[in-house]
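Descriptive analysis of the structure
As a plain string of letters, each chain reads:
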Amino acid sequence: QVQLVESGGGLVQPGGSLSVSCVASGTIFIIDVMGWYRQAPGKQRDLVAEINRGGYKDYADSVQGRFTISRDNAKNTVYLQMNNLKPEDTAVYYCYAFGRATIYGNPSHYWGQGTQVTVSS
């Protein structure tokens, strides 16, 4: 199956920048979409940004113009560059992937364990 491992995150002051990355490993046939969700305490998990194999990107309105998602298909890795961070960006950021582990497998969603991003002075 597909495993996702996030790295990056941490504590940053408002207005600062931070990046997170996520590598998919294991049995992988194809990953169509990779992206990031986030979940703040007491709130639902919401989409932050996603990118497909062709490079099409989609962003939540709240991060448009501040966050940039990118992807390396050969490395099965997705990156999220976060600039001009705000306290409301504080959350656990989860990497996800949508694809198939084998050529005949059913398309599935896969999730990472999450990495904490805290924006505070």
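Structure: above.
The rules behind these values
- Residues numbered from 1 in each chain as written.
- Predicted model: local features only at pLDDT ≥ 70, side-chain atom pairs only at ≥ 80, totals over all residues.
- Heavy atoms only, no water.
- Helix = DSSP H or I, 4+ residues; strand = E, 2+ residues; numbered from the N terminus.
- Buried < 20%, exposed > 50% of the residue type's maximum accessible area, 1.4 Å probe, protein only.
- Contact = heavy atoms within 4.5 Å.
- Areas by Shrake-Rupley, 256 points an atom, 1.4 Å probe, with all protein chains shown as cover.
- Phe/Tyr/Trp six-rings, centres within 6.5 Å; stacked < 30°, edge-to-face > 60°.
- Lys NZ or Arg CZ within 6 Å of the ring centre and 35° of its normal.
- Core = buried A, V, L, I, M, F, W, Y, C linked by side-chain atoms within 4.5 Å.
- Pairing = 2+ DSSP bridges.
- Axes fitted to C-alpha atoms, helices over the stretch in contact; angles between N-to-C directions.
- Disulfide = S-S within 2.5 Å.

Below, the discussion takes up the overall build of the protein chain. Tallying secondary structure elements over the protein chain gives zero helices and 11 strands in all. Each helix and strand of the protein chain, placed in order from N terminus to C terminus, yields the pattern β-β-β-β-β-β-β-β-β-β-β. Expressed as a percentage of the 121 residues in the protein chain, the buried residues total 38%. Considering only intrachain contacts with a sequence separation of at least 6, the fraction spanning at least 24 residues in the protein chain is 55%. When the accessible surface of the protein chain is totalled, it reaches about 6,400 Å², and 47% of it is carbon and sulfur.

Moving on, we come to the packing of aromatic side chains. One pass over the structure, following the stated rule, counts three aromatic pairs. Where tyrosine 96 meets tryptophan 111, the ring centres are 5.5 Å apart and the plane angle is 35°; that geometry is what we call tilted. Within this pair, whereas tyrosine 96 is found in strand S9 (residues 91-100), its partner tryptophan 111 is found in strand S10 (residues 108-111), the two being separated by 15 residues in sequence. Judged by its relative accessible area of 4%, tyrosine 96 falls in the buried class. On the accessibility criterion, tryptophan 111 (36% relative accessible area) is partly exposed. If you follow arginine 45 out to its NZ or CZ, it ends over the ring of tyrosine 94, 3.6 Å from the centre. Above the face of the tryptophan 111 ring, arginine 45 is positioned so that its terminal group lies 4.9 Å from the ring centre.

Moving on, we come to the nonpolar core. When a protein is soluble and globular, its nonpolar side chains tend to lie buried together. Core analysis: the largest hydrophobic core is formed by 30 residues, its most contacted members being Leu4, Trp36, Leu80, Met82 and Tyr93. Contributions of two or more residues to this core are made by strand S1 (2-8), strand S3 (18-26), strand S4 (30-39), strand S5 (46-52), strand S7 (67-72), strand S8 (77-82), S9 and strand S11 (115-119).

So, about the sheet that holds S1. Strand order in the open sheet formed by four strands is S1-S3-S8-S7, and the pairing between neighbours is antiparallel. Each end of this open sheet is capped by a strand with a single partner; those strands are S1 and S7. Taking the axes of each pair of neighbouring strands and ignoring which way they run, one obtains an average angle of 15° across the sheet.

So, on to the state of the cysteines. Every disulfide links exactly two cysteines, by a covalent bond between their sulfur atoms. Scanning the model with the defined rule gives one disulfide in all. Shown here is the disulfide that connects cysteine 22 with cysteine 95, its sulfur atoms set 2.0 Å apart. Every disulfide takes its handedness from the sign of the S-S torsion; for cysteine 22 and cysteine 95 that torsion is -80°, giving left-handed. Taken together, the residues cysteine 22 in strand S3 and cysteine 95 in strand S9 connect sequence positions 73 residues apart. Summarising the burial analysis for this pair, cysteine 22 and cysteine 95 share the class buried.

Examined bridge by bridge, S1 and S3 share seven bridges and lie antiparallel to one another. Bridge pairing in S3 places leucine 4 opposite alanine 24. In terms of strand pairing, S3 meets S8 through six bridges, oriented antiparallel. Bridge pairing in S8 places leucine 18 opposite methionine 82.

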